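Architecture at a glance
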There are 2 protein chains.
Amino acid sequence: MEPNGHSFLDKVIGIVKEETADHVPLIDFKHPKELEELLSDDLDISKPTSDCELERSVRKMLQYSVKTNKTTFRNQLYGGTDPYGLAGSWIAEAFNTSQYTFEVAPVFTLVEMKIIKHILKLFGIPDGDGIFSPGGSISMLYALVAARFKAFPEIKAKGMRNLPEMVIFSSTDSHYSIMKAAHWLGFGTDNVRIIRTNDFGQMVIDELEATIQKELALGRYPVLVNATAGTTVLGAIDDLDAVADVCEKYGIWMHVDACWGGSLILSSKFKNKLKGIERANSISWNPHKMMGVPLQCSAFLLRDRGLLHEANAAAAQYLFQQDKFYDVRYDTGDKSVQCGRKIDAFKLWMIWKARSDTGLGKLTDHVMEIAEFCLGAVARKDGFRLVTECLQCPNVCFWYIPKFMRNADEDDKWWDTMHKITPKIKELLTINSRLMVAYSPLRHHKNFFRLAFTFHPIVEEREVLDMLQSIEDCGEMVTLSML
Amino acid sequence: MEPNGHSFLDKVIGIVKEETADHVPLIDFKHPKELEELLSDDLDISKPTSDCELERSVRKMLQYSVKTNKTTFRNQLYGGTDPYGLAGSWIAEAFNTSQYTFEVAPVFTLVEMKIIKHILKLFGIPDGDGIFSPGGSISMLYALVAARFKAFPEIKAKGMRNLPEMVIFSSTDSHYSIMKAAHWLGFGTDNVRIIRTNDFGQMVIDELEATIQKELALGRYPVLVNATAGTTVLGAIDDLDAVADVCEKYGIWMHVDACWGGSLILSSKFKNKLKGIERANSISWNPHKMMGVPLQCSAFLLRDRGLLHEANAAAAQYLFQQDKFYDVRYDTGDKSVQCGRKIDAFKLWMIWKARSDTGLGKLTDHVMEIAEFCLGAVARKDGFRLVTECLQCPNVCFWYIPKFMRNADEDDKWWDTMHKITPKIKELLTINSRLMVAYSPLRHHKNFFRLAFTFHPIVEEREVLDMLQSIEDCGEMVTLSML
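Computed from a predicted structure; not experimentally measured.

This brings us to the overall build of chain A. Summing up its helical and strand segments, chain A has 15 helices and 12 strands in all. Taken over C-alpha atoms, the radius of gyration comes to 24 Å for chain A, in line with the 23 Å a tight globule of 483 residues would show. Burial analysis of chain A (483 residues in total) assigns 69% to the buried set. When the accessible surface of chain A is totalled, it reaches about 16,000 Å², and 49% of it is carbon and sulfur. A gap of 2 Å separates the mean positions of the 56 positive and 63 negative side-chain charges of chain A.

The following block contains the structure:
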């Protein structure tokens, strides 16, 4: 009756290979309106389309899509995928199922259990529990829900109104998801205390403790300290042992947002940077970031086994029947706030199965070594200036100062100009398809670049030098009249 | 240095095709412990594995996985995938990116805008707004957050403590995600008022209104009525126009959980079942259910354009910079509670592009017609008894009464036995790989079967008869001593 589409499926691998091949540029940038016009027939869904036309439209659309599998895609804290992970995600999509009951996902349930157990051990909380969530921001919600439920189990039935006023502690440089979570869960963003960071982007511990004492004196309940292992911009790792000391002293839930930096746990050489993480009450880690698992793959881990289930279970009669014919302890879905949940564990398992701890350790070492190399090159290269020389995660942050800006008085006006120059260089890098790189202001710092490195594809030293050269080339195209 | 995995990617389509081929059984059921033992070497990730060994393990694991692409997989409200959707999901995974800024997802941003606009029009709220969320339960969170923010914008900064006590209204038969949401967002599950349903599973409107009046008299704030279009078990559709009348009268946010039944909007013949949905303040619809888009694909729609952004924006400086070189109104990610977000719109777009409204309408008509056929066959067949004769969504609910139970006094003891017989039949159906079908108790009803139909693969009448025959065959294997 209808086109069945199965033959189209056979074309996918060819389309993907051709449209992401080596010779294909990183990006063919078009402005939104222009792109809408260019693709207007292709985007149109008002009439049925033959497979042939569909393929033509899809290929054209992919031409204008960003090739995140290129080494020159350094725009975010994710990049190309690990091919084993991509294979895993394709298989999982084809076996279309949900991670909630053993009966529909017998093997995938065991895979999730296996991989969570392995990760818990790596992070030093072998008796803990965990779940895969749709991204780090949702993991942040999980952490706050767990901490709040542990403190006040009556929240589940009674809500927030009759509980004491709760406060949350997080650093200036931490991820904004803490603010979204504070709103959603009913704490209110005013109840997030923002703790100052030092020059390297790490939470100032004395200020954390002083703020906690102040809040306690005011009769408020400190519900969670959100430490960060790998801040979004600088890649800073808070002093986790020091945070743990404070949390223990005052009996506060310690969460570590290790969404970005958690991957360092894979390296015997670099995992000491995360020292203290094993004392956390909960940890979030996104293997879809540095490690290159296809989006989404986010692990939320916690020390207190059983708490996730206790906090979140709703015991739906139609799904989690207790009169099933198998051991229903393998129906793990009621720990989740979601009902249907993608089997994100399988693609991570595929990578681990193929590479093991050893292979993943080597990839971690390489990513840190290439970032170190980049840091050194930026430090030495004329016109480049580091924001910080301290390499914590594989983030290298710097300004490029065009020749016409050098040897001038670096007053406020000069910095205002620099603030405009960075986005302008980025524009030129993008429209010339040279490099996609992040920029950001941070605290008192004016707009600067962040080059962050990920496992895939493996970046070589000469490619790092090319990236810096691209920045210099485009930086030298900038003139004052452009700003 | 490390195995690169690209050649493994070439094997995926072959593995998927062979492991889901026609001759492959629906399920080779093993109990959890037995399966763990059987797969213990395969699941092991302690040492690196060659591509060849990896393939052997993956194939073995897939053998024991459920083949949700078979017509005999009727265990959940999802099933096989639309091949165009699967192709779309594979492409999206390969182009690994996040749906937050135009710069990293130019085409996918336009795709999401296009498809949301199209869906809004279908649902009769053309000037509304929408977002793709990771599942219906998260959409429920979105609905409550939007309704609460609309009523009390100060919630964002100040939290729940100083707001009036809020109550939520939802029917007995509605989805349990309302309870999880009430906990997470700080309302408390005690503040969900459960409204009785009639025999067909529809909310009793008089009771809704009476309950609202009672709550108002007690000084509580009615924040949201959760109507359902397609309850999980019976597939009931609340009288949406009547709910809208009540909501309008009292000025309450009307949400329609159309996660399951929303697909009826695709059919000009059946969309009248959703009459009144165009009056809702918000709607959730999961194309990953009936329509066969690979999990996850969930749309959250709302009438009030701009509210999503206003409620959820955090304006992260590193991501949503306002000094970008393109029109930043195309950076749509700050509407979301998530930061990184999968591009779930693309696979849905692929299906729509290939089939258009016309093709999707035909698939909807077929699914309803096959459910009607099933309903008729169940009504006529000896030993089968319908829970309700009213077909609202393509859910057919019934008991199978084995011969030894017939012509007896249907007292409490008899029903207690029936309650045990249904899961026993399910066990036999599963371990004999005949059929995977849902069962559930509901209100005063003892365990019964739910056969629900989805777009893919297309189910034929003879297959429905086979399903019923399988239930009868396994039902007749049951003896009292087994229970």
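And the narrative resumes.
The next thing to look at is the relation of the copies chain A and chain B. With an RMSD of 0.0 Å, chain A superimposes on chain B once it is rotated by 180° and translated 0.0 Å along the axis. On the angle and the small slide along the axis, the relation comes out as a two-fold axis. A high fraction, 100%, of the interface residues of chain A reappear at the interface in chain B, so the copies pair face to face through one surface.

Below, the discussion takes up unusual backbone geometry. Residues and elements named next belong to chain A. Here the amide bond leading from Leu295 into Gln296 is cis, since omega sits at 0°, within 30 degrees of zero. Inspection of the secondary structure assignment puts Gln296 in the loop between strand E7 (282-285) and strand E8 (298-302). In this model, Ala315 sits at a positive phi of 50°, which is unusual for a non-glycine residue. For Ala315, the position within the fold is in the loop between helix H12 (307-312) and helix H13 (345-380). Overall, Ala315 belongs to the exposed group, its relative accessible area being 53%. Phi at Ser433 takes a positive value of approximately 55°, unusual for a residue other than glycine.

All right, on to the interface of chain A and chain B then. Each partner contributes residues to the interface: chain A has 159 residues there, and chain B has 159 residues. Summing both partners gives a buried area of about 14,200 Å² for chain A against chain B, and 64% of it is carried by carbon and sulfur. Three residues, Ile45, Trp184 and Phe325 of chain A, lead the burial of chain A against chain B; their summed loss comes to 7% of the area buried on that side. We note a salt bridge from Asp334 of chain A to Lys180 of chain B, for which the minimum N-O separation is 2.9 Å. One can count 79 residue pairs in polar contact (both at pLDDT 80 or more) joining chain A with chain B.

Bringing the pairing of strand E5 (residues 221-228) of chain A into the picture now. Consecutive residues of a regular strand have side chains that alternate between opposite faces of the sheet. Residues and elements named next belong to chain A. In terms of burial, E5 is largely enclosed, as seven of its eight residues are buried. For strand E3 (residues 166-171) and E5, the ladder comprises five bridges, and the chain directions are parallel. By the bridge assignment for E5, Met166 is matched with Tyr221. One ladder, built from five bridges, connects E5 with strand E6 (residues 253-257); its direction is parallel. The residue bridging Leu224 from the neighbouring strand is Trp253, located in E6.

Time to look at helix H7 (residues 136-151) of chain A. Across its 16 residues, H7 of chain A extends 23 Å between first and last C-alpha, which sits within 8% of the 22 Å expected from 1.5 Å per residue. Of all the 16 residues making up H7 of chain A, 14 are buried; the element is thus mostly covered by neighbouring parts of the structure.

Residue and element names in this part refer to chain B. If you walk across this open sheet you meet the five strands as E1-E11-E12-E10-E9, and the pairing is mixed. Edge strands, defined here as strands with exactly one partner in the open sheet, are strand E1 (73-74) and strand E9 (384-386). Taken together, the four bridges between strand E11 (residues 436-442) and strand E12 (residues 445-452) define a ladder with antiparallel strand orientation. Each bridged residue has a counterpart across the sheet, and for Ser440 the counterpart in E12 is Phe448. Along the sheet, helix H13 (residues 345-380) contacts E9, strand E10 (395-400) and E12; its crossing angle with E10, the most-contacted strand, is approximately 20°. Most of the contacts of helix H14 (residues 412-431) go to E12, to which it runs at about 35°, and overall it touches E9, E10, E11 and E12.

With that settled, consider the nonpolar core. A general feature of soluble globular proteins is that nonpolar side chains tend to end up buried together. Core analysis: the biggest nonpolar cluster contains 299 residues, and Trp349 and Phe453 of chain A together with Trp349 and Phe453 of chain B have the highest contact counts within it. With 19 residues, the single largest contributor to this core is H13 of chain A. With sequence-adjacent residues up to four places away left out, Phe453 of chain A is seen in contact with Arg74, Trp260, Met290, Val367, Ile370, Ala371, Cys374, Pro394, Val396, Val459, Val464 and Met467 of chain A. In terms of nonpolar packing, the next biggest core, distinct from the first, is built from 66 residues, Met166, Ala182 and Val223 of chain A together with Met166 of chain B among them.

This part covers the environment of Arg385 of chain B. All names here are of chain B. Checked against the element boundaries, Arg385 lands in strand E9. Given a relative accessible area of 30%, Arg385 falls into the partly exposed group. Distance in space between the C-alpha atoms of Arg385 and Asp127 is 45 Å, their sequence separation being 258 residues. Not counting residues within four places of it along the chain, the set of residues in contact with Arg385 comprises Cys397, Phe398, Trp399, Ile401, Glu410 and Trp415. Within the local environment of Arg385, its side chain forms a polar contact with the side chain of Glu410, the two groups lying 2.7 Å apart.

Counting across every chain of the model gives 45 aromatic pairs over all chains. Judged by centre distance (6.1 Å) and plane angle (90°), the ring pair of Phe102 of chain A and Phe29 of chain B falls under edge-to-face. Of this pair, Phe102 of chain A sits in the loop between helix H5 (83-94) and helix H6 (106-122) while Phe29 of chain B sits in the loop between helix H1 (6-19) and helix H2 (32-38), each in a different chain. Look at Phe102 of chain A and you get buried, because its relative accessible area is 0%. By relative accessible area, which is 10% here, Phe29 of chain B ends up buried. When the centroid spacing of 5.7 Å and the interplanar angle of 40° are considered together, the rings of Phe73 of chain B and Tyr78 of chain B count as tilted. Using a relative accessible area of 0% as the deciding quantity, one classes Phe73 of chain B as buried.

Quick look at the domain arrangement of chain A now. Residues and elements named next belong to chain A. Under the domain assignment used here, chain A contains domain 1 (6-67), domain 2 (85-352) and domain 3 (356-482). Put simply, the middle of domain 1 and the middle of domain 3, counted by C-alpha atoms, are 31 Å apart. Counting residues at the interface gives five residues for domain 1, matched by six residues for domain 3. Summed over both partners, the interface of domain 1 with domain 3 comes to about 440 Å²; 74% of that surface belongs to carbon and sulfur atoms. Considering only the surface of domain 1 that becomes buried against domain 3, Leu26, Ile27 and Phe29 emerge as the three largest contributors, covering 83% of it. If you look at where domain 1 meets domain 3, you find zero salt bridges. Connecting domain 1 to domain 3 are two residue pairs in polar contact (both at pLDDT 80 or more). A class-by-class count of the residues in the side of domain 1 that touches domain 3 yields five nonpolar, no polar and no charged.

The rules we used
All chains use their own residue numbering, which begins from 1 and follows the written sequence. Lettering of chains starts at A and numbering of ligands starts at 1, both following the order in which they are written. Since the coordinates come from a predicted model, pLDDT governs what is reported: local features require at least 70, and pairs of side-chain atoms require 80 or more to be given and counted, while whole-chain, interface and lining totals use all residues. To get the side-chain values, all heavy atoms of the structure are used, and hydrogens and water are removed first. Helix and strand definitions here come from DSSP, where helices need a minimum of 4 consecutive H or I residues and strands a minimum of 2 consecutive E residues; each element is numbered from the N-terminal end. The globule rule used here is 2.2 Å times the number of residues to the 0.38 power, and the radius of gyration it is set against is calculated over C-alpha atoms. Each residue gets one of three labels from its accessible area relative to the maximum for its type: buried under 20%, exposed over 50%, partly exposed in between, using a 1.4 Å probe on protein chains only. We get accessible surface area from the Shrake-Rupley algorithm with a probe of 1.4 Å; when it comes to residues, only the shown protein chains can shield them. Asp and Glu count as negative and Lys and Arg as positive, but His and the ends of the chain are not part of the count. Charge coordinates come from a single atom per side chain, which is NZ of Lys, CZ of Arg, CG of Asp or CD of Glu. When the copies are superposed, the least-squares fit takes in the C-alpha atoms of residues with a pLDDT of at least 70 in both. In this description, contact between two residues means that some pair of their heavy atoms is separated by no more than 4.5 Å. Summed over both partners, the accessible area (1.4 Å probe) lost when two parts come together is defined as the buried area. A pairing counts as a salt bridge when a side-chain nitrogen of Lys or Arg comes within 4 Å of a carboxyl oxygen of Asp or Glu. Here a polar contact means two N or O atoms within 3.5 Å. Within protein one must be a hydrogen donor candidate and the other an acceptor candidate, and residues neighboring in sequence count only if both atoms are side-chain atoms. Note: two strands are recorded as paired if DSSP finds a minimum of 2 bridges between them. Multiplying one less than the number of residues by 1.5 Å gives the expected span of a helix. Axis definition: a line fit to C-alpha positions, over the contact stretch in the case of helices; interaxial angles, taken between N-to-C directions, run 0 to 180 degrees. Only buried Ala, Val, Leu, Ile, Met, Phe, Trp, Tyr and Cys residues count toward a nonpolar core, and they belong to the same one when joined by side-chain atoms within 4.5 Å. Two aromatic rings from Phe, Tyr or Trp, using only the six-membered ring of Trp, form a pair when their centres are within 6.5 Å; if the ring planes differ by under 30 degrees the pair is stacked, by over 60 it is edge-to-face, and anything between is tilted. Note that the domain bounds were set by an automatic or database domain assignment. Classification used: nonpolar for Ala, Val, Leu, Ile, Met, Phe, Trp, Tyr, Cys and Pro, charged for Asp, Glu, Lys and Arg, polar for all others including Gly.

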